[in-house]
Amino acid sequence: MKLSIIIINYNTKKFLEECLKSVFEKMKNIDYEVILTDNGSSDGSAEMVKANFPQVKFIENDENLGFSKANNQGIRISKGRYVLLLNNDTLVLDDDFDKVIKFMDENKDIGILGCRINNPDDSLQVSCYKLPSMWEMFTHYTWLTRLFPNSRWVGDYRRWPHNEIKEVGFVIGAFFLIRREVLDDIGLLDEGFFLNAEESEYSLRAKKAGWKTVFYPDFRIIHYGGQTKKDMKDKAIISHIRGGDYLIKKHHNIGYFITYKFLSFILSLIRLGIFGASLLFTNRSEEHTSELQSHSFISYAVFCLKKKIQ
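Calculation criteria
Residues numbered from 1 in each chain as written. Predicted model: local features only at pLDDT ≥ 70, side-chain atom pairs only at ≥ 80, totals over all residues. Heavy atoms only, no water. Helix = DSSP H or I, 4+ residues; strand = E, 2+ residues; numbered from the N terminus. Contact = heavy atoms within 4.5 Å. Areas by Shrake-Rupley, 256 points an atom, 1.4 Å probe, with all protein chains shown as cover. Salt bridge = Lys/Arg side-chain N within 4 Å of Asp/Glu carboxyl O. Buried < 20%, exposed > 50% of the residue type's maximum accessible area, 1.4 Å probe, protein only. Patch = residues over 30% accessible without salt bridge, like charges linked within 9 Å, V, L, I, M, F, W, Y side chains within 5 Å. Phe/Tyr/Trp six-rings, centres within 6.5 Å; stacked < 30°, edge-to-face > 60°. Pairing = 2+ DSSP bridges. Right-handed = clockwise from strand over helix to strand, strands pointing away. pLDDT = per-residue confidence, 0-100. Core = buried A, V, L, I, M, F, W, Y, C linked by side-chain atoms within 4.5 Å. Arc of directions from axis to C-beta.

Novice: Explain the overall build of the protein here, please?
Specialist: Along its length, the protein carries 13 helices and eleven strands. Contacts in the protein between residues at least 24 apart in sequence constitute 79% of all its contacts with a sequence separation of at least 6. Taken as a whole, the protein presents about 15100 Å² of accessible surface, with 54% of it coming from carbon and sulfur.

The following block contains the structure:
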């Protein structure tokens, strides 16, 4: 079998149904299987899948085990030469996945692949980033990535048009294609992660083992984004913070971790002051809010303040 598609679901029945419909409609010219792990949904997702998609291999959990554990359950029973981790809030747009397989077959050094991801309005959704590091954090917090977006040393992929095949740090888990040999080489996803940072950590492990992570623009999906997290907002915030810390601690020594946290704390305070002042002269907007919460320290501060007010 060429491909195993693994989908994780938690209380997103409507999106899951549309996702499965798109998979079975578009994936016509390839030998594949679909494995669904449901993390204790209470919205009728399980009943819908059993009634409408009997061909799906179904794993039903009693509780929400998180992204890594649930995907690993599917990976363990998968048979494909390639394993695709696909979010349940996605729609497959193209029907020529065989060219993705052909590309991977011809490039044996590529271990992980991501595709072009569009927003529901068909605009580009940024889907690849640099691997987390002290330098990556510093250049982002100090706006160097915005000042020099095309620089080899400080630029990132957020302003890159995603229009060419390119080796990247990591691709997001909405579409995360893994070569079977990579799984055999470095193992499964780290179950120390619950919901965030597992794909960046896995790409980092793959890179250390000599595998490339590549963005491939010639296959497209739509990603609605954040649907699972809507039902578990507080847990998602904490998971984001803990996931980033766990990744740094796992791959660096304690001195690096302490320096990383101290520097991020200081730079976050500076950014918080700048953005706080800017709100006095501009309309409060969603863009400001997302910018303020894009760093772990600020996210944690906002979370604690919210809980105290409640």
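Novice: Could you clarify how one ought to interpret the pattern of salt bridges in this entry?
Specialist: Any two side chains of opposite charge can pair, on the condition that their charged atoms come close. Tallying each qualifying case throughout the model produces 13 salt bridges. With its nearest N and O atoms 3.7 Å apart, the salt bridge here joins Glu-18 to Lys-21. Of the two residues, Glu-18 and Lys-21 are both situated in helix H1 (residues 13-26); the distance of three residues between them amounts to about one turn of the helix. Using a relative accessible area of 37% as the deciding quantity, one classes Glu-18 as partly exposed. In this structure, Arg-81 engages Asp-105 in a salt bridge whose closest nitrogen and oxygen atoms are separated by 3.1 Å. Of this pair, Arg-81 sits in the loop between helix H3 (66-77) and strand E4 (82-87) while Asp-105 sits in helix H4 (residues 98-106), and the two are 24 residues apart along the sequence.

Novice: How do you make sense of a nonpolar patch on the surface when you look at a structure like this?
Specialist: Taken together, the side chains of Phe-262, Phe-265, Ile-266, Leu-269, Ile-270, Leu-272 and Ile-274 define a hydrophobic patch exposed on the protein surface, amounting to about 600 Å² of accessible area. Assignment of secondary structure puts Ile-274 in helix H11 (residues 254-278). A relative accessible area of 42% means that Ile-274 is categorised as partly exposed.

Novice: Just checking my understanding: could you explain the packing of aromatic side chains for this structure?
Specialist: Pairs of aromatic rings are described using the distance from one ring centre to the other and the angle between the two planes. Tallied over the entire structure, the rule returns 13 aromatic pairs. With 5.1 Å between their ring centres and 90° between their planes, Phe-97 and Phe-219 make a pair best called edge-to-face. One end of the pair, Phe-97, is in the loop between strand E5 (90-92) and H4; the other, Phe-219, is in strand E11 (residues 212-223), and 122 residues separate them in sequence. Judged by relative accessible area, which is 2%, Phe-97 ranks as buried. Residue classification places Phe-219 among the buried residues on the basis of a relative accessible area of 0%. When the ring of Trp-160 is compared with that of Phe-215, the centres are 5.3 Å apart and the planes differ by 75°; the resulting orientation is edge-to-face.

Novice: What is the right way to look at the pairing of strand E2 (residues 32-39) in this model?
Specialist: Counted residue by residue, E2 has eight buried out of eight residues, so it is predominantly covered. Because side chains alternate across E2, one face comprises the buried residues Tyr-32, Val-34, Leu-36 and Asp-38, and the other comprises Glu-33, Ile-35, Thr-37 and Asn-39, equally buried. In this structure, strand E1 (residues 3-9) lies alongside E2, joined through seven bridges in parallel fashion. Among the inter-strand pairings, Ile-6 is bridged to a residue of E2, identified as Ile-35. Considered for its hand, the β-α-β crossover made up of E1, H1 and E2 is right-handed. Inspection of the sheet shows E2 paired to strand E3 (residues 57-61) by five bridges, in the parallel sense. Following the sheet pairing, Asp-38 is matched in E3 by Glu-60. Between the parallel pair E2 and E3, the chain is carried across by helix H2 (residues 45-52), and the sense of this crossover is right-handed.

Novice: Before we go on, may I ask you to explain the environment of Pro-161 in this structure?
Specialist: Looking at the secondary structure, you find Pro-161 in the loop between helix H6 (144-147) and strand E8 (166-167). Along the primary structure Pro-161 and Val-126 are separated by 35 residues, whereas in three dimensions their C-alpha atoms are 8.7 Å apart. When near neighbours in sequence (up to four residues on either side) are disregarded, Pro-161 contacts Arg-116 and Leu-124.

Novice: Is there a simple way to explain the confidence of the model for the protein in this structure?
Specialist: Close reading of the predicted structure is inappropriate where its pLDDT is low. Scored by pLDDT, the protein has a mean of 86; 83% of the residues are at 70 or more. Note on residues 284-295: pLDDT is under 50 here. Beyond four places in sequence and across chains, it has 20 contacts. Considering only residues more than four positions removed or in separate chains, one finds that residues 300-310, a stretch of pLDDT under 50, has eight contacts.

Novice: Looking at this structure, how should I read the nonpolar core?
Specialist: Buried together is how nonpolar side chains tend to be arranged in soluble globular proteins. The biggest cluster of nonpolar side chains holds 37 residues, and the ones touching the most others in it are Leu-3, Ile-5, Leu-86, Phe-97, Phe-175, Leu-177 and Phe-219. Excluding residues that lie within four positions of it along the chain, Phe-219 makes contacts with Met-27, Val-92, Asp-94, Asp-96, Phe-97, Val-100, Cys-115, Arg-116 and Phe-175.

Novice: Would you take a moment to explain H4 for this structure?
Specialist: Residues lying three or four places apart along an α-helix face the same way, a consequence of the helix completing one turn every 3.6 residues. Among the residues making up H4, those that are buried are Val-100, Ile-101, Phe-103 and Met-104. Projected down its long axis, H4 shows its buried positions confined to an angular sector of 160°, all on one face. The outward face of H4, more than 90 degrees from its buried face, is lined by the exposed residues Lys-102 and Glu-106. Those residues of H4 hidden inside the fold are in contact with E4, strand E6 (110-118), strand E10 (175-179) and E11.

Novice: Would you mind going over the environment of Leu-189 with me for this structure?
Specialist: Relative to the helices and strands, Leu-189 resides in the loop between helix H7 (180-186) and helix H8 (198-208). Judged by relative accessible area, Leu-189 falls into the buried class, the value being 6%. Expressed as a C-alpha distance, the spacing of Leu-189 and Glu-199, which sit ten residues apart in the sequence, is 8.0 Å. Setting aside residues up to four positions removed in sequence, Leu-189 forms contacts with Phe-67, Ser-68, Asn-71, Asn-72, Leu-85, Tyr-202 and Arg-205.

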